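These are the residues of each chain, in order.
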Amino acid sequence: MVVKKEVIKTIKTYDRDNITIATLGSHSALNIFKGAKEEGFRTLCICKKGDEIVYKKFPLADEIVLVNDFKELLNPKIQEKLRALNTILIPHGSFNAYIARRDITEKLFVPLFGNRELLEWETNREKQREWLKGAGLKIPAYFSSPEDINKLVVVKFQGARGGRGYFLTQSSIGFYRKGKEMVKKGYLTEKDLRNSQIQEYIMGVNVYPLYFRSILKNETEFFSVDKRYESFADNIGRIPADEQILLTLNPTYTIVGNIPITIRESLLPEFIRMGDNVVARSEKIANPGIIGPFCLETVVTENLDIVTFELSARIVAGANVGIGGSPYTYLKYGEGMYMGKRIAREIKEAIRSNRLEKIVT
Ligand code: AMP
Ligand code: AMP
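Remember, predicted model here, so these are calculated numbers, not experimental data.

## Re the site of ligand 2
In the vicinity of ligand 2, 18 residues are found, and the nearest of them are Y166, Y208, E230, E297 and E310. N206 places a polar side-chain atom, nitrogen or oxygen, 3.2 Å from an oxygen atom of ligand 2. Between ligand 2 and E297 there is a distance of 2.4 Å, counted from an oxygen atom to a side-chain nitrogen or oxygen. The fraction of the free accessible surface of ligand 2 (480 Å²) that becomes covered by protein chains is 97%. Mapped by element, the contributors of at least two residues to the shell around ligand 2 are β6 (153-156), β8 (197-200), β9 (205-214), β10 (219-230), β12 (292-300) and β13 (306-312).

## Description of empty space enclosed by the protein
All chains considered together, the criterion is met by four cavities of 30 Å³ or more. Space inside the largest cavity adds up to approximately 110 Å³. Looking at the lining of the largest cavity, the element that brings in the most residues is helix α7 (residues 117-123), giving three residues. Its residues assigned to classes, the lining of the largest cavity comprises 11 nonpolar, two polar and three charged.

## Comments concerning the sheet that holds strand β5 (residues 142-143)
Here we have four strands laid out as an open sheet, ordered β5-β8-β6-β7, and antiparallel in their pairing. Here the strands that pair on one side only, and so sit at the sheet edges, are β5 and β7 (167-169). Where β6 and β7 come together, three bridges link them in antiparallel fashion. Across the sheet, the residue bridging to V153 is T169, located in β7.

## Overview of the packing of helix α2 (residues 29-38) against helix α14 (residues 339-352)
α14 packs onto α2 with a crossing angle of 45° between their chain directions and a minimal axis gap of 7 Å. With respect to each other, α2 and α14 are oriented oblique. Where α2 crosses over α14, the two elements pack in a sense that is right-handed. Along its contact with α2, which presents N31, I32, G35, A36 and E38, the element α14 presents M339, G340, K341 and A344.

Calculation notes
Residues numbered from 1 in each chain as written. Chains lettered and ligands numbered in written order. Predicted model: local features only at pLDDT ≥ 70, side-chain atom pairs only at ≥ 80, totals over all residues. Heavy atoms only, no water. Near = heavy atom within 4 Å. Polar contact = N/O pair within 3.5 Å; in protein donor to acceptor, adjacent residues only side chain to side chain. Areas by Shrake-Rupley, 256 points an atom, 1.4 Å probe, with all protein chains shown as cover. Helix = DSSP H or I, 4+ residues; strand = E, 2+ residues; numbered from the N terminus. 1 Å grid on protein atoms, 1.4 Å probe; cavity = no way out; pocket = protein on both sides within 12 Å on 5 of 7 lines; lining within 4 Å. Points joined across faces, edges and corners; volume = space filled by probe spheres on them. Nonpolar A, V, L, I, M, F, W, Y, C, P; charged D, E, K, R; others polar. Pairing = 2+ DSSP bridges. Axes fitted to C-alpha atoms, helices over the stretch in contact; angles between N-to-C directions. Parallel < 35°, antiparallel > 145°, perpendicular 65-115°, else oblique. Left-handed = near helix turned anticlockwise from the far one by under 90°. Contact = heavy atoms within 4.5 Å.

As structure tokens, then:
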């Protein structure tokens, strides 16, 4: 609450003709910077020492602030500098991954494009499930205790970590054996395991639709679709089954990249309705609901059931498959629309119509 008041106070003091768009240098930063530049904003990258090579090769950041650790974003001096530059921060996956969620909601006083309150819902798997259920989406079955496992399940851990450390099992014995193995390998801690979420494994293919909820236009746009390229899951099929058995492999879901897809047009009505319903529900749980990008993580089964197992209420790295334009943005905008640009355009429109405080928290 203190942060919210402070942010609104800050944004009111901003020089609206000289807004800077900033983010952490990773994840979807290039996407964000390119869009900001195209819409005429100044850009700033908070970059880990050693990674500046990226933002020099792709010179889209007008200023690079070097840090040893992304947590330094919370440093009062850096926050002061950002506010002096009339900065709006664009949160992405590295915010949750490298800065404690509490610190983002309680110690970061720079205006953030998006709804900070929903960050809590995003990083907490139980709350997410409530949100998805409340929106009427199909979700996997959940098991509250390892002893209840009676089918193939995926065991997950709190926070965005791109599938690292997940494992599959079909019994409580498997749960404890594999869990121990993962702890030994250093993928997990005992605490992670205790707080894990056990979810029915849905047989089907990954489909990740990306949306943009415009507060200003009161509209939810369907942006692009991708699937993930995961180092183990996408490679295991290349090893013959007899060798797999001998290797007693434990597939994980570490993300390496994303692949663009288009989906059957007959699936579009449902995907579009799902986006609208998730937005409608978000208004109830944290008014005014989602501000800007969000993504649903779904599995589509052979019966064309769409089961949603996760949601991200911010730009996702899958948005990078749409840099320069996706088939779906082409249908609406013609050439050249992508998430980084759409975000910047929303900010521009908010400046024009004097509604910046509606899109930052
Ligand atoms: P990074 O800055 O690359 O370490 O990413 C920050 C967080 O986002 C990590 O938890 C990653 O696992 C996750 N992440 C990064 N890239 C992707 C991607 N392409 N798809 C999904 N998650 C990702
Ligand atoms: P997540 O970190 O939740 O995005 O999940 C990482 C990966 O695990 C996904 O890309 C899927 O390949 C897989 N996955 C997660 N949950 C399920 C599920 N309930 N059923 C099938 N696959 C899943």
